[in-house]
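Architecture at a glance
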Amino acid sequence: MAEQANRLRKQLESANFDPQNYVKHLSQQSDGDRDLQEHRQKIQTLADETAQNLKKNVYKNYRQFIETAKEISYLESEMYQLSHILTEQKSIMESITQSLLSTDKDETAKEMLAAFPKDTEEVKQRTLTTLLEKVEGCKNIMDTPGRYLVYNGDLVEYDVDNMAQLQKVHAFLMNDCLLIATWLANRHGTVKYKYNALYDLESFAIVNVKDHPPMKDMFKILMFPESRIFQAENSKIKKEWLEILDETKKNKVTKEKHKKEEVEVPNSPVRPEASVSTNPFDDKEANPFDSEEAVDLSLEWIQELPEDLDVCIAQRDFEGGVDLVDKLNDYLKDQPVNLRVKNLRVKVDERVRQLTEVLVFELSPDRSLRGGPKATRRAVSQLIRLGQPTKACELFLKNRAAAVQTAIRQLRIEGATLLYIHKLCNIFFTSLLETAKEFEMDFAGNTGCYSAFVVWSRSSMKMFVDAFSGQVFDSKESLSTAAECVKVAKEHCKQLSEIGLDLTFTLQSLLVKDIKSALQSYKEIIIEATKHRNSEEMWRKMNLMTPEALTKLKEEMCSCGMSSFSQYTGDDCWVNLSYTLVAFTKQMMAFLEEGLKLYFPELHMVLLESLREIILVAVQHVDYSLRCEQEAEKKAFILQNASFLHDTVLPVVEKRFEEGVGKPAKQLQDLRKSARTIRVNPDSTMSQV
């Protein structure tokens, strides 16, 4: 058997397999229907085995894909670490190279700088002033004292997204900032450029862009939330820009560090021991300097912390940046606060602000909404670690609201309303359930945020109901379709109870207005149809012509709860009831069943009054016919119909209503009593009803 299966598999898998010839050959060789059935069973078994193997392979490859994605993620993390190590190695090599330079040359340069410091700075300032006269809109650049020109040159700016050439610019590198000016097309006088942007040296990072011909000799300036790419004239000028920018940034940091040290440690004379006062205020006055000596901020990782944070922000290494901030906070937690610590805090707080802005941008609805709630976990967790759970909660919920709204908007409106509602409920409630689970995971330690989630859930439910009502109620669907759609929504809403979230009451309160309108509208339709049939009433028995039609009618009436309907059927295909009353019974029972599907306590009186008004139309019609009919035979037939209405229909309506609602309806009981009066005393009137 296995041999035959293998032979059949090889035959079907062959490259030159022709299905038509195979079937033709098989038909000629088979002795009868039994052989074909056996061969069909073999092929079906082979198809099942193939499908099972395909599922296994898909599952196996899927696991491999997940493992590969994890490995890629690990590799990416290692590459970031390697990049950081290479950067450190580069700085170390540069420092070694600088230390190996000629001592005589360094001493000569220092002597020249000491001999002519004022002249050199004045010359640089005069040069900068001369150049800035050619730039339009930067008269206030020289207002900062001590600012001078370090380097300048022409560059070409490219678009970051599509690498299209944007404009030609001229860059002015000063000792504390970088000025970008664009070329003027219509020059006037000595003015050649127009002011474009001014960046502080600490506000951006320099990144070398690898050459990809024809795009070469480029470097990038990274500053949140944007970046700019410039192209130098050749590789030599590009190298000069990168080296001078890096050196100027370092010089500024060193200069500021020296200034702070001079301010923090003034050259005050030492007090003699005899003059030491026992006044406690004197001790407090000296405490800041004593505490300053106690805090060790000379550690290498603390000195490089601001720059490391800049690198983490530029490389989108959010976890690494927050780890550095936590490490610093743990180190300074039990340390005294002095001026140096405050200055360090100012620098770090500025980076934390930039990191927060990047994380906020990651959670903004303008970003891609793909990936579901889990895609926001990275940014949310880091914001919480930075001590901003409220902002993280607000941005997370805004992001999910935009995602749900987009998913609903993109849902294709099908011709069948029920099919559309199934898709709508599946999208909305699945998204709500996933959001709730992710929220519970991300904000497990922040119980104060749960109230915000409940409020968000109610607003999201309102958005869902707007889309739901627009398709179900505004399009004037039948009551049965509306009832099925509401039933589907309620069933999906119950799924949220598994996470402790019950929005059934919210759903009902938002739908109550539309359901009331639908019930009243359908009630009016039934009343109008009943009145139209009443106007054409001839009070004749029904002749269904065929036994099949009679059987079908019996089944329909039994499904409506009229189990005693058979006693009103006569010989052959006759029914001893009026067509008007039979049609009214079926229509009213259908309305009751659909109304009970839509029922909740707020709709009790609406449904009850609608039933009462519908029944009253039939009762009044019977009352009027009894009072107006003079022929004895017809009057007896009308009384028989009145008996069916009172003894069969109304009790079934009362019983079914009580089963569906859970309590009896006094209004329906009173209406049945009034109908009984008609049956007992045909000359009575329904005016009291």
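Treat the numbers as computed from the prediction; the structure is a model and nothing was measured.

Overview of the overall build of the protein
- Each helix and strand counted, the protein has 22 helices and 10 strands in total.
- The 689 residues of the protein split such that 36% are buried.

A closer look at the nonpolar core
- Counting 124 residues, the largest nonpolar core has Phe 464 and Phe 468 as the members making the most contacts within it.
- Ranked by the residues each element gives to this core, the list is headed by helix 20 (residues 604-628), at 12 residues.
- If we skip the residues at most four places from it in the chain, Phe 464 touches Leu 424, Cys 425, Phe 428, Phe 429, Ala 489 and Leu 507.
- Core analysis: the second largest hydrophobic core is formed by 19 residues, Leu 155, Ala 171, Phe 219 and Trp 241 among them.

Thoughts on the pattern of salt bridges
- Using the criterion set out here, one finds 23 salt bridges in the structure.
- Its salt-bridge partner being Glu 594, residue Lys 597 comes within 3.9 Å of it at the nearest N-O pair. One end of the pair is Lys 597 and the other is Glu 594, both in helix 19 (residues 579-598) and three residues apart, which spans about a single turn.
- Three or more residues are tied together by salt bridges with common partners; here these are Asp 323, Asp 326 and Arg 385.

Examining the pairing of strand 2 (residues 149-158)
- Most of strand 2 sits inside the fold, with seven of its 10 residues counted as buried.
- Of the pairings in the sheet, the one linking strand 2 to strand 3 (residues 165-174) comprises nine bridges and is antiparallel in character. In the strand pairing of strand 3, Leu 149 is matched with Met 174.
- Connecting strand 2 to the antiparallel partner strand 3 that follows it, the hairpin turn spans six residues, and Met 163 within it adopts a positive phi of roughly 55°.
- Two elements, strand 2 and strand 8 (residues 226-231), share three bridges in a ladder whose sense is antiparallel. For Tyr 158, the partnering residue across the bridge sits in strand 8 and is Ile 229.

Comments concerning unusual backbone geometry
- Non-glycine residue Met 163 carries a positive phi angle of around 55°.
- One non-glycine residue with positive phi stands out, namely Asp 217, at about 60°.
- Relative to the assigned elements, Asp 217 resides in the loop between strand 6 (205-209) and strand 7 (218-223).
- The exposure class assigned to Asp 217 is buried, which follows from its relative accessible area of 9%.

Notes on the packing of helix 11 (residues 339-363) against helix 12 (residues 377-385)
- Taken N-terminus to C-terminus, the directions of helix 11 and helix 12 make an angle of 145°; their axes are 9 Å apart at the nearest point. You can see that helix 11 and helix 12 cross each other, and the crossing is left-handed. When helix 11 is examined against helix 12, the residues Thr 356, Leu 359, Glu 362 and Leu 363 are found in contact with a partner set consisting of Ala 379, Val 380, Gln 382 and Leu 383.
- Across the contact of helix 11 with helix 12, the residue classes tally to five nonpolar, two polar and one charged.

Focus on the confidence of the model for the protein
- Counting all residues, the mean pLDDT for the protein is 79, and 86% of those residues have values of 70 or more.
- Contacts from residues 115-119, a stretch scored under 50 in pLDDT, to residues over four places away or in other chains number zero contacts.
- Confidence drops under pLDDT 50 across residues 684-689; counting only partners more than four residues distant or on other chains, this segment forms 16 contacts.

Concerning helix 11
- With 25 residues, helix 11 ought to run about 36 Å at 1.5 Å a step, and its terminal C-alpha atoms sit 36 Å apart, in line with that.
- The elements touched by buried residues of helix 11 are helix 8 (300-303), helix 9 (305-314), helix 10 (318-332), helix 12 and helix 13 (389-410).

As for the packing of aromatic side chains
- Following the criterion strictly, the structure yields 22 aromatic pairs and no others.
- Aromatic pair Phe 428 and Phe 429: ring centres 5.1 Å apart, planes at 80°, arrangement edge-to-face. Accessibility classification places Phe 428 together with Phe 429 in one group, the buried group.
- Considering the side-chain rings of Phe 429 and Phe 464, the 5.2 Å spacing of their centres and the 70° angle between planes classify their relative orientation as edge-to-face. You can see Phe 429 sitting in helix 14 (residues 417-442) and its partner Phe 464 sitting in helix 15 (residues 450-472), a full 35 residues away along the chain. Each of the two residues, Phe 429 as well as Phe 464, counts as buried.
- An aromatic cluster of at least three residues, connected via ring pairs, comprises Phe 396, Phe 439, Phe 443, Tyr 450, Phe 453 and Trp 456.
- One residue, Lys 249, lies across the ring of Phe 204, its end atom 5.0 Å from the ring centre.

About the criteria used
Residues numbered from 1 in each chain as written. Predicted model: local features only at pLDDT ≥ 70, side-chain atom pairs only at ≥ 80, totals over all residues. Heavy atoms only, no water. Helix = DSSP H or I, 4+ residues; strand = E, 2+ residues; numbered from the N terminus. Buried < 20%, exposed > 50% of the residue type's maximum accessible area, 1.4 Å probe, protein only. Core = buried A, V, L, I, M, F, W, Y, C linked by side-chain atoms within 4.5 Å. Contact = heavy atoms within 4.5 Å. Salt bridge = Lys/Arg side-chain N within 4 Å of Asp/Glu carboxyl O. Pairing = 2+ DSSP bridges. Axes fitted to C-alpha atoms, helices over the stretch in contact; angles between N-to-C directions. Left-handed = near helix turned anticlockwise from the far one by under 90°. Nonpolar A, V, L, I, M, F, W, Y, C, P; charged D, E, K, R; others polar. pLDDT = per-residue confidence, 0-100. Expected span 1.5 Å × (residues − 1). Phe/Tyr/Trp six-rings, centres within 6.5 Å; stacked < 30°, edge-to-face > 60°. Lys NZ or Arg CZ within 6 Å of the ring centre and 35° of its normal.

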